[in-house]
Amino acid sequence: MPFLLAPGPRRKAAGPLRKTAGPPRRPGSLLKRSAPASTPPPAPPARRSGGESGPSPHRSTFRPDIEGLRAVAVLAVLAFHAEIPGLAGGFVGVDVFFVISGYLITGLLVREAISTGRIRLGDFFSRRARRLLPSAAVVLAAVAVAGAWLTVPLRRTDLEYDVLAAALSLANWRFVSQRADYLAAGHDQSPLLHFWSLAVEEQFYLAWAPLLAVVAVFAARAVRRGRAVRSVVALVTGALVVGSFALSLHWTEHSVSLAYLGTPSRVWQFGVGALLALLPWHLLRGPRPLRLLCGWGGAVAIGWCVVAYDASTPYPGYAALVPTLATAAVILAAIPGRGERNVQGAYGVGRLLAGRAPRAVGRLSYTLYLWHWPVLVLAEAQLGTLGWPARTALTLAAVLPALATMRWVEQPLRRSRTVSELSRRGLAVGVSAIVLPVALALVVGTATLHLMGPATPVDAKGLPPGAASGPSLLGASAGDGPVVPSPVQARKNFPPDRNCQVAPEVTRSPECLFGAVVSPDRIVLLGDSHAGQWFSPMLALAAQRGWALQELVKQGCPLPQLAVDSPQLGRAYRECDAWRADALERLRTGPKPRLIVIASLNRYTTDRQLLAAAWEKTLKPLRAIGAPIVYIEDTPVPGTDIPACVSGAPDDAAACAFQRAEAVPADPLARRIASGAVPGVRSISVNPVLCPGDGPTCPAVRERILLYRDDAHLTDVAAIVLTPRLERLLTEAGALPTTTAAGADGWTELLRDDFEGPAGSRPSPANWQYDLGTCYPGCPAPQWGTGEIETMTDSTDNVRLDGKGALEIAPTRVGDRWRSGRIETVRSDFAPPPGGVLRIEAPIALPDVTGPEAESSRPRTARRRSRGPSRGIRCGSIG
């Protein structure tokens, strides 16, 4: 945001300082103002370094119309955030700020370069630091403290990270990473989200000012210094504008979060303002009607954007051209031409903007921008979602802290002679303004993390077994204790599917085979992230039967053939259509699965006829495959951040219950399947245990199991506990065969290899694979991390069967190099059932160093024992 205006370079006084009468200098002035706004200030004397190089364009006189234009920008943003009907495009106010900032700051720097032959970077950053950072520090400190009081613990940790990023001018990149991550959706908005624009501006000027300083050094001895500086900077600016705008168009098409929040895609708007300050508009004497048309046309265009744009507008992209060029037109209309001092006129838009009220709001715009959004967000954190009248009232209430901050923080530090006398003092103020909120965030954040406990992953082996039937979620009483996973664990309690839930920009899933990958039999899990949440149960069910699991899942992509927009990409989700077509083609041409399990969010459209037709387009090619198809009815969608809520009410889980009517609407596909309208597809549901009974609410926690990791997805713990119930439902539907029962001792044999085969042959490739070289693939640690020095091979000189039911692993030496063998199972589904134990047995004999060659290994078996009725899974043993 362009609240960067400060006095120009100081000049040493020729005599004693004298106190002068008249109004104080305005926050928006670039140099001291010696006359009231109603009287045109005199033009400063020309300073020339040779020929016609000076003065700088658009003389350094105070521009009251620009101060009023800042009011237009901030009011547009406030109206947008207050959600006032009809003003949904108020976000363009940020674009207005960027252009103003580029014009004023570039003009300031170029004037200094022309007048003195150099740019004092220390002075420049000192002025910015004392002008901007103290007010921002007050807001950040207030948010850090208020967040500890008004927000729940889990939300508090996120907020303190936001404070750190905002204090370090990195807020935009933090929010880019969050908005680009589909799996991070469902969290509440940050009270510091608006700091992204301040971060963009600071990052731009951290590079822009040094660049202009370098140009000034090289042009210092030019005969016509002014022309040289302006020409070189204008060329550089033009190239940046073109390149940045092209990047903005590309990112708007492919990554809306980068386009909107990223610094590179916003540089062109600062550049447009810079070109206003660099090009010789001051040499033109435009007709007054043309100036009037230019100014009013720009103002009307800004107003049109505020009214006509909304969340569906692809932005920034081409749409950002309108407010950007409109702002430039308003500024340009009031740039004095040759021989002119002031061009406001009686009917120009600048005369309206220079009025007392717009300028008063403009002076307050920086602190008002800082305060209004935290007030709104923190109020909603306590009061719940508010309507636009309440949001408008809260926005107006933010004027009070904004006025206080301007009066007692911003103005005293900006006008302080003690602070402004030496640049290092201003820089010290800026550093202090960064350290204070950072220290507060670290203290509050550390205390909150200690309160919530460690975020270590949940140990799935210690989970209680789930009930296969009945109203209870668990097979036995859960007893007393904390919820599992804890709220901080729940945030990261994703299925362990190695990124096989492909991101929005990806158009093809990787192979994503799990379990017995060499088995000809497999379960296919197909759909969006609501299908992906069933990964762990499907892997367990496949492993019990010695099958493989193939996961074909794409985030936010409806399995029915619907045309939707991607919030992450900010446009039509074409990648979803391409992915869906590819997944269906791979299933058609690949091996026939034993079972296809499909699931999808059922809220992509409310048009039931359209949805039915879209499902049929997907189900028709699936039915042609000839494999059983089972649809898992969509699970409840709480619509609120469940882990955050539970973190604030750890002893009262009922406080986080959510409305059944909104969370569990009728599932159209499940109803059509039940009526027999969808042949070849069966439907199952676990919702009766997730939202039991017929009361008005659904629980967020059942029997100490925290069910949701965000506002829409089950935790992986909840999915694992539901495995026995899913197995029963699938078996009863005829989609799965029953598994082998456990032995009398409760153990079920899962894998056995007696190493039978001819002497000198290799172990069975159906069970074993070779590790080659000296470390695991990717070499995360040298020498396998155990200090081994031999090189592993697949030669039968090193690994072979002895023909008597034993596996021999023999090291060999060639010269001074040792070789040996290392094998492991091809299976990756090593996990006991909930509440069960995995046991690996292998008789091993080591060579007797004093005797002949010794036997290396005997048969290896792996079995697991269940508590209660056995529901075994086939597990490979460790190689």
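Our subject is the structure that appears above.
Keep in mind that this is a model prediction, so the values were computed, not measured.

Draft legend 1. Region of interest: the overall build of the protein. A count of helices and strands for the protein gives 28 helices and 23 strands. Put simply, the protein has 879 residues, and 52% of those count as buried. Residue pairs at least 24 apart in sequence account for 78% of intrachain contacts in the protein once pairs closer than 6 positions are excluded. When the accessible area of the protein is evaluated, it comes to approximately 38,200 Å², of which 60% is carbon and sulfur surface.

Draft legend 2. Representation of the state of the cysteines in the model. Inspection of the entire model under this criterion finds four disulfides. Between the sulfur atoms of Cys500 and its disulfide mate Cys512 the distance is 1.9 Å. On the sign convention where negative means left-handed, the S-S torsion of about -100° between Cys500 and Cys512 marks this disulfide as left-handed. With a gap of twelve residues between them, Cys500 in the loop between α18 (487-490) and β1 (501-502) and Cys512 in the loop between β1 and β2 (513-515) connect regions that are remote in the sequence. The exposure class assigned to Cys512 is buried, which follows from its relative accessible area of 8%.

Draft legend 3. Focus on helix α11 (residues 321-333). Between its first and last C-alpha atoms α11 spans 18 Å; for 13 residues at 1.5 Å apiece the expected length is 18 Å, and the two agree. Here the buried face of α11 lies against α1 (64-81), α2 (93-116), α9 (267-278), α10 (288-308) and α12 (349-353).

Draft legend 4. A look at the environment of Glu662. Examined against the element boundaries, Glu662 turns out to sit in helix α24 (residues 660-663). Distance from Glu662 to Thr697, taken between C-alpha atoms, is 9.4 Å for residues 35 residues apart in sequence.

Draft legend 5. Quick peek at helix α13 (residues 356-383). Roughly 55° is the biggest bend found in α13, and it falls at Ser365. One or two steps after α13, the chain reaches Gly384, where phi turns positive at roughly 90°.

Draft legend 6. Layout of the nonpolar core. Judged by nonpolar contacts, the single largest core of 101 residues is most densely connected at Leu69, Tyr103, Leu109, Leu192, Phe195, Trp208 and Ile331. Apart from the residues within four sequence positions on either side, Trp208 is in contact with Thr106, Leu109, Val233, Thr237, Leu240 and Ala274. Core analysis: the next-biggest nonpolar cluster, separate from the first, contains 54 residues, Cys512, Ile684, Leu690 and Ala735 among them.

Draft legend 7. Representation of a nonpolar patch on the surface in the model. Taken together, Leu211, Val232, Val236 and Leu240 make up a surface patch of nonpolar side chains, about 260 Å² in accessible area. Among the elements that take part in the nonpolar patch, helix α7 (residues 225-254) stands out by supplying three residues, more than any other. By the secondary structure assignment, Val236 is in helix α7.

Draft legend 8. Broad picture of the sheet that holds strand β16 (residues 791-792). Pairing in this open sheet of three strands is mixed, and the strands run β16-β20-β19 from one edge to the other. Of all strands in the sheet, those bounded by a partner on one side alone are β16 and β19 (812-814). Pairing of β16 with strand β20 (residues 817-820) involves two bridges; the strand directions are parallel. Within β20, the position partnered with Met792 by the bridge is Ser820.

Draft legend 9. Inspection of the packing of aromatic side chains at higher detail. According to the stated counting rule, one finds 22 aromatic pairs in the structure shown. With a centroid separation of 4.9 Å and an interplanar angle of 75°, the aromatic rings of Phe91 and Tyr315 are classed as edge-to-face. Taken together, the positions of Phe91 in the loop between α1 and α2 and Tyr315 in the loop between α10 and α11 put the pair 224 residues apart, joining distant regions of the chain. Note on Phe91: relative accessible area 7%, which makes it buried. Ring geometry for Trp196 and Tyr260: centres 5.2 Å apart, planes at 50°, overall tilted. Within this pair, whereas Trp196 is found in helix α6 (residues 195-219), its partner Tyr260 is found in helix α8 (residues 256-261), the two being separated by 64 residues in sequence. Sitting over the face of the ring of Tyr260, Arg266 holds its NZ or CZ atom 4.6 Å from the ring centroid.

Draft legend 10. Expanded view of the pairing of strand β3 (residues 522-527). Of all six residues making up β3, six are buried, and the element is well covered by its neighbours. With burial as the criterion, each face of β3 is covered, one bearing Arg522, Val524 and Leu526 and the other bearing Ile523, Leu525 and Gly527. Inspection of the sheet shows β3 paired to strand β4 (residues 548-554) by six bridges, in the parallel sense. The partner of Val524 across the bridge, within β4, is Gln550. For β3 and strand β7 (residues 595-599), the ladder comprises five bridges, and the chain directions are parallel. Of the residues in β7, the one forming a bridge with Leu526 is Ile598.

Draft legend 11. Broad picture of the side chain of Ser536. Mapped onto the elements of the fold, Ser536 is located in helix α20 (residues 535-544). The class for Ser536 is buried, based on a relative accessible area of 11%. A distance of 2.8 Å separates a polar atom in the side chain of Ser536 from a polar atom in the side chain of Asp716. In this view, Ser536 contacts Pro496, Asp716 and Ile720; residues no more than four positions away in its chain are not counted.

Draft legend 12. Representation of the pattern of salt bridges within the structure. Tallying each qualifying case throughout the model produces 29 salt bridges. Between Arg588 and Glu585 there is a salt bridge, and its shortest N-O distance comes to 2.6 Å. Remark: Glu585 and Arg588 occur in helix α21 (residues 574-589); sequence separation between them is three residues, near one turn of the helix. Residue Arg588 is classed as exposed on the basis of its relative accessible area, which comes to 55%.

Draft legend 13. Structural context of the environment of Val138. Examined against the element boundaries, Val138 turns out to sit in helix α3 (residues 121-150). By relative accessible area, which is 30% here, Val138 ends up partly exposed. Separated by 271 residues in the primary sequence, Val138 and Val409 have C-alpha atoms spaced 8.5 Å apart. With near-sequence residues (within four places) excluded, Val138 lies in contact with Trp371, Thr405 and Val409.

Draft legend 14. Spotlight on unusual backbone geometry. Residue Tyr315 is joined to Pro316 through a cis peptide bond whose omega torsion reads 5°. Here Val484 and Pro485 are connected by a cis peptide whose omega angle stands at -10°. Take Pro485: it is sitting in the loop between α17 (423-452) and α18. One non-glycine residue, Arg704, lies in the positive phi region at around 70°. Note that Arg704 resides in the loop between β12 (701-702) and β13 (705-706). We classify Arg704 as partly exposed; its relative accessible area is 24%.

Draft legend 15. Geometry of the packing of α13 against helix α15 (residues 399-415). Contact geometry for α13 and α15: axes closest at 8 Å, N-to-C directions at 120°. Comparing the axis directions of α13 and α15 gives the class oblique. Seen from above, α13 lies across α15 with right-handed handedness. Along its contact with α13, which presents Arg363, Leu364, Tyr366, Thr367, Leu368 and Trp371, the element α15 presents Val399, Pro401, Ala402, Leu403, Thr405, Met406 and Glu410. For the contact of α13 with α15, the residue count by class is nine nonpolar, two polar and two charged.

Draft legend 16. Here's a closer look at the side chain of Arg131. As for its placement among the helices and strands, Arg131 is situated in helix α3. Polar side-chain contacts of Arg131 include one of 3.1 Å to the side chain of Glu410.

Draft legend 17. The arrangement of the environment of Gln501 in detail. Here Gln501 is to be found in strand β1. On the basis of relative accessible area, Gln501 is assigned to the buried category, the value being 7%. Between the alpha carbons of Gln501 and Glu551 there is a distance of 8.0 Å; along the sequence they are 50 residues apart. For Gln501, the side chain forms a polar contact with the side chain of Asp497, separated by 3.3 Å.

The rules we used
Residues numbered from 1 in each chain as written. Predicted model: local features only at pLDDT ≥ 70, side-chain atom pairs only at ≥ 80, totals over all residues. Heavy atoms only, no water. Helix = DSSP H or I, 4+ residues; strand = E, 2+ residues; numbered from the N terminus. Buried < 20%, exposed > 50% of the residue type's maximum accessible area, 1.4 Å probe, protein only. Contact = heavy atoms within 4.5 Å. Areas by Shrake-Rupley, 256 points an atom, 1.4 Å probe, with all protein chains shown as cover. Disulfide = S-S within 2.5 Å. Expected span 1.5 Å × (residues − 1). Bend = angle between axes of the 7 residues up to and from the residue. Core = buried A, V, L, I, M, F, W, Y, C linked by side-chain atoms within 4.5 Å. Patch = residues over 30% accessible without salt bridge, like charges linked within 9 Å, V, L, I, M, F, W, Y side chains within 5 Å. Salt bridge = Lys/Arg side-chain N within 4 Å of Asp/Glu carboxyl O. Pairing = 2+ DSSP bridges. Phe/Tyr/Trp six-rings, centres within 6.5 Å; stacked < 30°, edge-to-face > 60°. Lys NZ or Arg CZ within 6 Å of the ring centre and 35° of its normal. Polar contact = N/O pair within 3.5 Å; in protein donor to acceptor, adjacent residues only side chain to side chain. Axes fitted to C-alpha atoms, helices over the stretch in contact; angles between N-to-C directions. Parallel < 35°, antiparallel > 145°, perpendicular 65-115°, else oblique. Left-handed = near helix turned anticlockwise from the far one by under 90°. Nonpolar A, V, L, I, M, F, W, Y, C, P; charged D, E, K, R; others polar.

Honestly, that's just the spatial picture; any functional story needs more than this.
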